[in-house]
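Read off the chains here:
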Amino acid sequence: MKFDTKLLHAGISEDQYTGATSIPIYMASTFHQQKIGQSQYEYSRSGNPTREAVEKLIADLEGGVAGFAFSSGSAAINTVFSLFSAGDHIIVGNDVYGGTFRLIDSVLKRFGMTFTVVDTRDLAAVEDVVQENTQAIYLETPTNPLLHVTDIQAVAQIAKRHGILSIIDNTFASPYVQRPLELGVDIVLHSASKYLGGHSDVIAGLVVAATPELAERIGYLQNAIGSILAPQESWLLQRGIKTLALRMRAHLANTEKVFEYLANQELVSKIYYPGDPDNPDYEVARQQMHGFGAMISFELQPGLDPREFVEGLKLVTLAESLGALESLIEIPALMTHGAIPREIRLENGIKDELIRLSVGVEDSQDLLADLEQGFANLKGSQTHAANGALNS
Ligand SMILES: *Cc1c(COP(=O)(O)O)cnc(C)c1O
């Protein structure tokens, strides 16, 4: 089955009792056991038919052996990190989601795990920081918000050579654009609140394991920790996933147009986009991604106020999050990455004037017109400021 068809027909796509083509929302906490231990479901934390449908679907989409749904991406990440114990060492990409950094720094470190942060694009550096007690490499690609791209296959090979796990947060790409398990990775996870859900109406997390052994361990932790996705949200998520391919094609086409526009916009000093042929990660991105994703970050010319720009847009929504139908824009330093200490943020290249845009599926002419009026505003205030300086 091709990917587009899988979205509709893979996993469990039909209710086994009624044939309903939309899996019903099974609002049940417990299930009648006709004979002890012989029932398909026992208790909804351990297994629920609506959740199971979306779990089987994501496993098929990513090409793994089992999927697991959680109450948020953060809950999924925390559950995956619960595979490790005090004394274990984990290598982490230097540009991970702010909430992941917070989880590591303020929670997991207290439990006695240690972490080394590296730019995982530098394969020699990754290899260099492997220690005797290293258990895993955890990374995102493309990263947030600089959209750096790591060679997934190369990192998976390093992990295999050292007998450690490779784990990828695939949120920014979605399985339409990139499937890390096919490149040798052990565990892939998502904040399904983004492209998979797609409609800005659900918070959810998904994990897919490559082997039965890992599936067994993650399933155990999912039940033990209990941060599962509820039936209503499971249904919303499966409904959202059905249109992933349709949405992604529209996202990708618009993003190419936005890139071209920004590349010719004189008030923009730097663009971060893996589809930019001048981007150092372009070749790796071209090989491992299907399209270049729909996220684009950029910096304004020095002296221009990014806040004024994002607050002056009328169509593009000023909001955190990404992967929604509607275009979303934000300033990482003030919003999504505000929890990261400024020195660390600057060290990682996330400047105060950086703007991150999640390109939506609006008509591209309307999108470009809104960006254009936003830049025109800035030009106005630039002239104003220059005149003010002359007068004073
Ligand atoms: C949003 C996000 C998360 C966290 O997911 P929630 O669903 O908000 O808990 C993790 N990783 C990435 C890359 C994200 O964008």
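Residues numbered from 1 in each chain as written. Predicted model: local features only at pLDDT ≥ 70, side-chain atom pairs only at ≥ 80, totals over all residues. Heavy atoms only, no water.

Draft legend 1. Quick peek at empty space enclosed by the protein. Applying the stated criterion to the full structure yields one cavity of 30 Å³ or more. Lining the largest cavity are 13 residues, and of these Asn94, Asp95, Thr120, Glu140 and Thr143 sit closest to its centre. (1 Å grid on protein atoms, 1.4 Å probe; cavity = no way out; pocket = protein on both sides within 12 Å on 5 of 7 lines; lining within 4 Å. Points joined across faces, edges and corners; volume = space filled by probe spheres on them.)

Draft legend 2. Here's a closer look at the UniProt feature "modified residue: N6-(pyridoxal phosphate)lysine" (unreviewed entry) in the protein chain. When the UniProt feature table is mapped to this numbering, "modified residue: N6-(pyridoxal phosphate)lysine" (unreviewed entry) covers Lys194. The class for Lys194 is buried, based on a relative accessible area of 9%. (UniProt positions renumbered as here; feature names shortened; annotations may be inferred. Buried < 20%, exposed > 50% of the residue type's maximum accessible area, 1.4 Å probe, protein only.)

Draft legend 3. Looking closely at the packing of aromatic side chains. On inspection of all chains with the given rule, the structure shows eleven aromatic pairs. Ring centres 6.0 Å apart and planes at 80° place the aromatic pair Phe81 and Phe115 in the edge-to-face group. Taken together, the residues Phe81 in helix H3 (residues 73-81) and Phe115 in strand S3 (residues 114-118) connect sequence positions 34 residues apart. Across this residue pair, the class does not change: Phe81 and Phe115 are buried. Here Phe298 and Phe309 contribute two aromatic rings whose centre-to-centre distance is 6.1 Å and whose plane-to-plane angle is 80°, an arrangement assigned as edge-to-face. Taken together, the residues Phe298 in strand S9 (residues 295-300) and Phe309 in helix H12 (residues 306-311) connect sequence positions eleven residues apart. Owing to a relative accessible area of 0%, Phe298 belongs among the buried residues under this scheme. (Phe/Tyr/Trp six-rings, centres within 6.5 Å; stacked < 30°, edge-to-face > 60°. Helix = DSSP H or I, 4+ residues; strand = E, 2+ residues; numbered from the N terminus.)

Draft legend 4. Structural context of the pairing of strand S5 (residues 165-169). The buried fraction of S5 amounts to five of the five residues, a majority that puts the element mostly inside the structure. Relative to S5, strand S4 (residues 134-140) is paired through five bridges, and the arrangement is parallel. The residue bridging Tyr138 from the neighbouring strand is Ile167, located in S5. Since S4 and S5 lie parallel, the crossover through helix H6 (residues 152-162) that links them has a hand, and here it is right-handed. (Pairing = 2+ DSSP bridges. Right-handed = clockwise from strand over helix to strand, strands pointing away.)

Draft legend 5. Molecular detail of H6. Those residues of H6 not exposed but buried are Ile152, Ala154, Val155, Ala156, Ile158 and Ala159. Each element contacted by the buried residues of H6 is listed here: helix H5 (123-128), S4, S5 and helix H11 (282-288). The N-terminus of H6 is capped by Asp151, whose side-chain oxygen sits 3.3 Å from the backbone nitrogen of Gln153. In the stretch just after H6, Gly163 is the one whose phi turns positive, near 65°. (Contact = heavy atoms within 4.5 Å. Polar contact = N/O pair within 3.5 Å; in protein donor to acceptor, adjacent residues only side chain to side chain.)

Draft legend 6. Summary view of the site of the ligand. Around the ligand, a shell composed of 14 residues is seen, among which Gly73, Ser74, Asp169, Ser193 and Lys194 lie nearest. One of the backbone nitrogen or oxygen atoms of Gly73 is found 2.8 Å away from an oxygen atom of the ligand. At 2.7 Å, a side-chain N or O of Lys194 approaches an oxygen atom of the ligand. Contact with the protein chains removes 93% of the 380 Å² of surface that the ligand exposes when unbound. Structurally, the ligand is housed in the largest pocket. Broken down by element, the shell around the ligand gets its largest block of residues, three residues, from H3. By residue class, the composition of the shell around the ligand is five nonpolar, six polar and three charged. (Near = heavy atom within 4 Å. Areas by Shrake-Rupley, 256 points an atom, 1.4 Å probe, with all protein chains shown as cover. Sits in = over half its atoms within 2 Å of the grid points. Nonpolar A, V, L, I, M, F, W, Y, C, P; charged D, E, K, R; others polar.)

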